[in-house]
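Residue-level listing of the chains:
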Amino acid sequence: MNETQQATLLAGMEAGDRRSLARLISVVENGSPGASACLARIYPQTGRAFRLGFTGPPGAGKSTLIDALVQRLRADSKSVGVVAVDPSSPFTGGALLGDRVRLSATTPDDGVFFRSMATRGSIGGLAATTSEVSDVLDAYGMEVILLETVGVGQIELDVVAASECTVVVLVPESGDEVQAMKAGLMEIGDIFVLNKSDREGADRAMRELESGLELRSSRDSSWRPLLVKTVAATGEGTAELLAAVERFRKHQKDTGEGNARRRRVLREKIRAAAERSLRHELWTASGRGSLEDAVDQVLSGDGNPYELAAAMARRFAMNRGTSEREREG
């Protein structure tokens, strides 16, 4: 994508064209040429949206809860962007569940933009470019951005680095709370939601959650996580959840802890962007032929993956250094 095409795409997005928005998100998600330049151009327009992350075990009702929250936020005239991360197809790299019917009640609303993304090998619960896609939605003018992790039961820690507040969604069924503690979810939540709280065992589950949080380390924060009961299917408890989020935002502002969190988020954003850039440069410079040659060497017994990989990295570093010296000269 050349500079003229970038300018046209950005102008369309800034004018409120949803098709331009969707196309720019695709450019960013796919790491297409011009993606970094576009992100750099829109970055001054970011920082206005509040980013709220949701994680939790499969079947906890995260999508249904987000749907209910979107409806309540729209009733308050808030524009909302939703980024839901789905498992990837091992063959196409696309989102396996990206074509499912989601957020049916709010899809026709111009004040809502929903995007399903594939993990594409990322193991932290979010796609590699979720934070950047959130930047696009932020620059577009969305006031609230809801991030939903893939929810496959692994340690989904990326959501902490991509959101300003992390909501852990659990259900009363036996085992979920114990699994959450083992998976580390108890350590990352700012607010805990017991969804489907109209089911049997909800009161017991709340007591277990309270006990679990008593044992949680402080993470250098004075915030004590709040517990909220919801029934996402009916919208019950969503007002209380949003009130809890506002209490968290006020606490972050009053104590200054929000500044420390923003530093952590920016640190992770810069680190991840630098690593993606280096990976892209490495494989662009090396070419597929070099990788295939290395595979052939291993298969023929002339080398091993580790030494060949290290040699490729050294050649890349040397060539990169030579190119930079030539430009400076």
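Preceding block: the structure.
Now for a look at the structure at hand. (Residues numbered from 1 in each chain as written. Predicted model: local features only at pLDDT ≥ 70, side-chain atom pairs only at ≥ 80, totals over all residues. Heavy atoms only, no water.)

**Quick notes on a nonpolar patch on the surface**
Among the surface-exposed residues, Trp283, Leu291, Val295 and Leu299 lie close enough to one another that they form a single nonpolar patch of about 390 Å² accessible area. With respect to the helices and strands, Trp283 occurs in helix α11 (residues 257-299). For Trp283, a relative accessible area of 41% translates into the label partly exposed. (Patch = residues over 30% accessible without salt bridge, like charges linked within 9 Å, V, L, I, M, F, W, Y side chains within 5 Å. Areas by Shrake-Rupley, 256 points an atom, 1.4 Å probe, with all protein chains shown as cover. Salt bridge = Lys/Arg side-chain N within 4 Å of Asp/Glu carboxyl O. Helix = DSSP H or I, 4+ residues; strand = E, 2+ residues; numbered from the N terminus. Buried < 20%, exposed > 50% of the residue type's maximum accessible area, 1.4 Å probe, protein only.)

**Structural notes on the nonpolar core**
Within the largest apolar cluster, 29 residues are counted, with the highest numbers of intra-cluster contacts made by Leu52, Phe54, Leu65, Leu146, Val167, Ile191 and Leu241. Of all the secondary-structure elements, those providing two or more residues to this core are β1 (50-55), α4 (62-75), β2 (80-86), β4 (144-148), β5 (165-170), β6 (191-194), β7 (226-229) and α10 (238-255). Residues contacting Phe54, with those up to four places away along its chain left out, are Lys62, Leu65, Ile66, Leu69, Leu146, Leu147, Glu148, Thr149, Val159, Val167, Val169 and Leu241. Core analysis: the next-biggest nonpolar cluster, separate from the first, contains 25 residues, Leu9, Val28, Met117 and Tyr140 among them. (Core = buried A, V, L, I, M, F, W, Y, C linked by side-chain atoms within 4.5 Å. Contact = heavy atoms within 4.5 Å.)

**Structural notes on the pairing of β1**
By the criterion of burial, β1 is predominantly enclosed, with six of the six residues buried. Of the two faces of β1, both are covered, the one formed by Phe50, Leu52 and Phe54 as well as the one formed by Arg51, Gly53 and Thr55. The pairing of β1 with β4 spans five bridges and is parallel. When the sheet's bridge partners are listed, Gly53 is paired in β4 with Leu147. Note that β1 and β5 share four bridges and pair parallel. Paired with Phe54 across the two strands is Val167, which belongs to β5. (Pairing = 2+ DSSP bridges.)

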